[in-house]
Amino acid sequence: MASRKTLAYLFFVCVLLATYAIYIQGVSGSLYYDDFRPLSGLSSIDGAQSMLVYVLGEISGPLGRPVSMISFLVNQHDWPNNIESILHFNIVLHCINALLVFILCDLLVKLSREDSKCPEWLALAAAALWMLSPLLISTSLIAVQRMASLSAFFVLSGLISYLLCFFLSERKPKRCLALQAGAIGFFTLLAMLSKENGVLLPVFALVIEVTLIQSVTSASKFRNLRVVAFGLCLFAILGFLAFRLMGADESYLHRSFSLAERIMTQPVILFDYLRLAFIPDIFSYSPFHDNYQYYTSFLQWPVALAMLALVVLFGLAIMLRKKNSLFSFAVLWFLAAHLLESSVINLELFFEHRNYVALIGPCLAMAVALSSVPSRYRKVSCIIFVLYLGLLGFSSYQVASIWGDQPVAGKIWFDHSKGSARAAEHYAIQLLEAGESEKAYLVLQQQAEQCLECVGSQAQAMQLACRFDDQDKVDLYNKRITQSREYSRSVDTAPSSLAAIIKDVVADDCSQITLEQLKRLNLAILPYKQGGGRLAVLVNLHQIALAENDTAANIYYLQQAWHVERDGAIGQILVGNLLKVGKLKEAKLFVDNKMCASLPILPTLQKKELARCELASRWVSEAMEEHQDKPE
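In short, a report on the structure. (Residues numbered from 1 in each chain as written. Predicted model: local features only at pLDDT ≥ 70, side-chain atom pairs only at ≥ 80, totals over all residues. Heavy atoms only, no water.)

## Quick notes on the overall build of the protein
Link 1 in the chain: On a plain count of helices and strands, the protein comes out with 29 helices and 0 strands.
Link 2 in the chain: Radius of gyration (C-alpha) of the protein: 28 Å, near the 26 Å computed for a compact globule of 632 residues.
Link 3 in the chain: The C-alpha extent of the protein, read off along each of the three principal axes, is 100 × 55 × 50 Å.
Link 4 in the chain: Here the protein, with 632 residues, has 52% of them falling under the buried criterion. (Helix = DSSP H or I, 4+ residues; strand = E, 2+ residues; numbered from the N terminus. Rg over C-alpha atoms; globule rule 2.2 N^0.38 Å. Buried < 20%, exposed > 50% of the residue type's maximum accessible area, 1.4 Å probe, protein only.)

As structure tokens, then:
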């Protein structure tokens, strides 16, 4: 028995090393759209205060994700020229998580299948499936998704601590309960501060309680208390989702899909995740899924079939949780993992990293099911399983190799992600950096034709059309953006592309379009944008007014921008413009009642905004003194 355990551990180490060797093929990869804002702040750290601002100033989620931001400090000197080091950290973290998955599965098998003669081998099989699934590669090879894997690290640590206590429960049940409560609370907090879906840790514990260990003797003490506590956590999360539904219409204004369309599409996506997790499709794994087509009717057969299958599977999981706890565990675990990111919250439709924890349940179920094969077929089934693992590993190797070859990856993702604005933009930027501007222009033209509703793509194509003096194309894209309200519900990256065109026009690098036309384009897309997007459009209009020396319009758009985001930098510019036109009283009222009246609570941010406030106040005082000194 000891030798079988040792052999299982040895094989696990071999699979872990193979996983590292596979993932390291992608370490020479690239940065993607969501990487830049969280990581770019690393370059501005020059002391303890700026470090604290960086850690506590992130806006990726409502909690700020400070634990994840602390982890990025390890790579402070790697930004922006040593992306390999950042990705290597992610890969090592993935390998550590693989070890935790193995330990978790081992504990679950030992607790739920006390008659099992080889729990380590079942845990090995489950962990190997999880490690080698190509669907999980993006979590490690997209730099910022360290947030997801770090949150998973704490979720897995919390569940392992929770399960280990059951081995103490017969001797000291009260101490076990206290340790479990402390572990769940502590690791849930750390997981949430890494990424908000870490709040699901108690829900995973609830799934384990009502399925795999529901009849385990060592877990019988205080079972009802634990189930009630975890159930309350689940109801709190469901209550939060219900609360989010109350303002759903407004929150979906900046999306190209509605709440109803998201609800229709997500069941189809969940089955797509499972397909891609276990049936490799090499060119489908990429950072870009903004072209995923949402569904618009419950009568469309993929929607109806997926919803029916989901309801049936959930119903069976509830009804069969005593007779077939393994099946129930796999279904409920997978659905619990997608409770936040794949339900009603107005997130993007499809992201591979959402399955990082979700796949553990199905992987364990598949591994344990393998042990149920009749003994006469067991050798054959084990050979088939090993060959299947080899297929997954080879597929993951191919995927990681693509991710690690930036020029090849850019072209493959553009070719196989028809209509993806992000894939087209990523590839075009690669071509521009390589000095192949004509090819980049062709890529953006092709994208503009493939996705007429992608207003950002039309703006990007117009930017290069202007640089190539292609008046006909400039007029075409101008018309499409102006009329976009007729066929588009989102303008995605259009504000940033229009900002680049404004710079080109001001620098006399683009004569095919005027500032007046650019003003109309920005005004055309302004109703679409909320939050940061609206701010970007208003800043564009401010820049146009500045170039036209239209001080009144300049002040108006700065005031509108201030209402969107009370940023001290905007306030300073606004005060300067007010003083420029002699509106001294208005400038003083703005500084006293707005700019200096609502400083951030966080001391480090407060100090920064206070310095801006004091500088603006000094400007106003000096201007008023100068005005008083002037003769009547």
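## Observations regarding helix α27 (residues 568-580)
Because each turn of an α-helix spans 3.6 residues, side chains separated by three or four positions end up pointing in the same direction.
Link 1 in the chain: For α27, built from 13 residues, the straight-helix expectation of 18 Å at 1.5 Å per residue is met to within 8% by its first-to-last C-alpha distance of 18 Å.
Link 2 in the chain: Along α27, the residues that are buried comprise Gly568, Ile570, Gly571, Gln572, Leu574, Val575, Asn577, Leu578 and Leu579.
Link 3 in the chain: At the N-terminal end of α27, a side-chain oxygen is found 2.7 Å from the backbone nitrogen of Ala569, two or three residues along, and the residue is Asp567.
Link 4 in the chain: Positive phi shows up at Gly582, right after α27, with a value of about 80°. (Expected span 1.5 Å × (residues − 1). Polar contact = N/O pair within 3.5 Å; in protein donor to acceptor, adjacent residues only side chain to side chain.)

## Re the state of the cysteines
Link 1 in the chain: A complete count under the given rule lists 3 disulfides for this structure.
Link 2 in the chain: Disulfide pairing is shown between Cys466 and Cys510; the S-S distance is 1.3 Å. What sets the handedness of the Cys466 and Cys510 disulfide is the S-S torsion sign, and at about 85° it is right-handed. Taken as a pair, Cys466 in helix α21 (residues 455-467) and Cys510 in the loop between α23 (494-506) and α24 (515-525) lie far apart in primary sequence, 44 residues in all. Accessibility assignment for this pair places Cys466 and Cys510 in one class, buried. (Disulfide = S-S within 2.5 Å.)

## What about the pattern of salt bridges?
Link 1 in the chain: Inspection of the entire model under this criterion finds 20 salt bridges.
Link 2 in the chain: Asp272 is the partner of Arg275 in a salt bridge, and the nearest nitrogen-oxygen pair spans 3.5 Å. Placement of the pair is Arg275 and Asp272 together in helix α13 (residues 259-278), with a separation of 3 residues, close to one helical turn.
Link 3 in the chain: For Asp272, a relative accessible area of 17% translates into the label buried.
Link 4 in the chain: The closest approach of N and O atoms between Lys411 and Asp415, which form a salt bridge, is 2.7 Å. Of the two residues, Lys411 and Asp415 are both situated in helix α18 (residues 406-416); the distance of 4 residues between them amounts to about one turn of the helix. (Salt bridge = Lys/Arg side-chain N within 4 Å of Asp/Glu carboxyl O.)

## Quick notes on the side chain of Ser343
Link 1 in the chain: Here Ser343 is to be found in the loop between α15 (325-337) and α16 (360-370).
Link 2 in the chain: Owing to a relative accessible area of 17%, Ser343 belongs among the buried residues under this scheme.
Link 3 in the chain: There is a polar contact of 3.2 Å between the side chain of Ser343 and the backbone oxygen of Leu340.
Link 4 in the chain: Excluding its chain neighbours within four sequence positions, the residues that come into contact with Ser343 are Leu241, Arg262, Gln266 and His338. (Contact = heavy atoms within 4.5 Å.)

## Thoughts on a nonpolar patch on the surface
Link 1 in the chain: On the surface, Leu308, Val312, Leu316 and Met319 cluster together into a nonpolar patch covering about 380 Å² of accessible area.
Link 2 in the chain: Topologically, Met319 is positioned in helix α14 (residues 301-319). (Patch = residues over 30% accessible without salt bridge, like charges linked within 9 Å, V, L, I, M, F, W, Y side chains within 5 Å. Areas by Shrake-Rupley, 256 points an atom, 1.4 Å probe, with all protein chains shown as cover.)

## Structural notes on the packing of helix α26 (residues 551-564) against helix α28 (residues 584-595)
For any two helices packed against each other, one specifies the inter-axial angle together with the distance between the axes.
Link 1 in the chain: Relative orientation of the contacting elements α26 and α28 amounts to 5°, with a least axis distance of 14 Å. Taken together, the axes of α26 and α28 lie roughly parallel to each other. Residues Gln559, Trp562 and His563 of α26 pack against Glu586, Phe590, Lys594 and Met595 of α28.
Link 2 in the chain: Partitioned by chemical class, the residues of the contact of α26 with α28 number 3 nonpolar, 2 polar and 2 charged. (Axes fitted to C-alpha atoms, helices over the stretch in contact; angles between N-to-C directions. Parallel < 35°, antiparallel > 145°, perpendicular 65-115°, else oblique. Nonpolar A, V, L, I, M, F, W, Y, C, P; charged D, E, K, R; others polar.)

## Points about the environment of Cys596
Link 1 in the chain: Topologically, Cys596 is positioned in the loop between α28 and α29 (603-629).
Link 2 in the chain: Cys596 sits in the partly exposed class, given a relative accessible area of 23%.
Link 3 in the chain: Expressed as a C-alpha distance, the spacing of Cys596 and Ala611, which sit 15 residues apart in the sequence, is 9.8 Å.
Link 4 in the chain: Setting aside anything within four residues of it in sequence, one finds Cys596 in contact with Val591, Cys613 and Ser617.

## A look at the side chain of Gln572
Link 1 in the chain: Along the polypeptide, Gln572 turns up in helix α27.
Link 2 in the chain: Those residues in contact with Gln572, other than ones at most four positions away along the chain, are Met595, Arg612, Leu615 and Trp619.

## Focus: the nonpolar core
Link 1 in the chain: Counting 142 residues, the largest nonpolar core has Trp130, Leu159 and Trp333 as its most contacted members.
Link 2 in the chain: A per-element tally of this core places helix α5 (residues 83-112) first, with 16 residues.
Link 3 in the chain: Leaving out residues up to four positions away in the same chain, Trp333 has contacts with Leu104, Leu159, Phe204, Val207, Ile208, Val357, Ala358, Ile360 and Gly361.
Link 4 in the chain: Counting residues in each nonpolar core, the second largest holds 57 residues, with Phe414, Leu515, Met595 and Val620 among its members. (Core = buried A, V, L, I, M, F, W, Y, C linked by side-chain atoms within 4.5 Å.)

## Brief notes about the packing of aromatic side chains
Link 1 in the chain: For the structure on display, the rule yields 24 aromatic pairs.
Link 2 in the chain: Between Phe12 and Phe102, the ring centres sit 4.5 Å apart and the planes meet at 20°, which makes this aromatic pair stacked. Taken together, the residues Phe12 in helix α1 (residues 2-23) and Phe102 in helix α5 connect sequence positions 90 residues apart.
Link 3 in the chain: Between Tyr32 and Phe288, the aromatic rings sit 5.9 Å apart at their centres with planes inclined by 80°, giving edge-to-face as the arrangement. With Tyr32 in the loop between α1 and α2 (36-40) and Phe288 in the loop between α13 and α14, the pair connects residues that are 256 residues apart, well separated along the chain.
Link 4 in the chain: Classification of Tyr32 as buried rests on a relative accessible area of 3%. (Phe/Tyr/Trp six-rings, centres within 6.5 Å; stacked < 30°, edge-to-face > 60°.)

## Some words on the environment of Ser343
Link 1 in the chain: Ser343 sits 30 residues away from Leu313 along the chain, and the two C-alpha atoms are 17 Å apart.
Link 2 in the chain: Within polar-contact distance, the side chain of Ser343 engages the backbone oxygen of Leu339 at 2.5 Å.

## Observations concerning unusual backbone geometry
Across residues other than glycine, the phi torsion is negative in most instances, and most of the peptide bonds are trans.
Link 1 in the chain: The linkage connecting Trp79 with the following residue, Pro80, adopts the cis geometry, with an omega of 0°.
Link 2 in the chain: By secondary structure assignment, the location of Pro80 is in the loop between α4 (66-72) and α5.
Link 3 in the chain: The backbone of Arg65 shows a phi angle near 55°, a positive value even though the residue is not glycine.
Link 4 in the chain: Inspection of the secondary structure assignment puts Arg65 in the loop between α3 (48-56) and α4.

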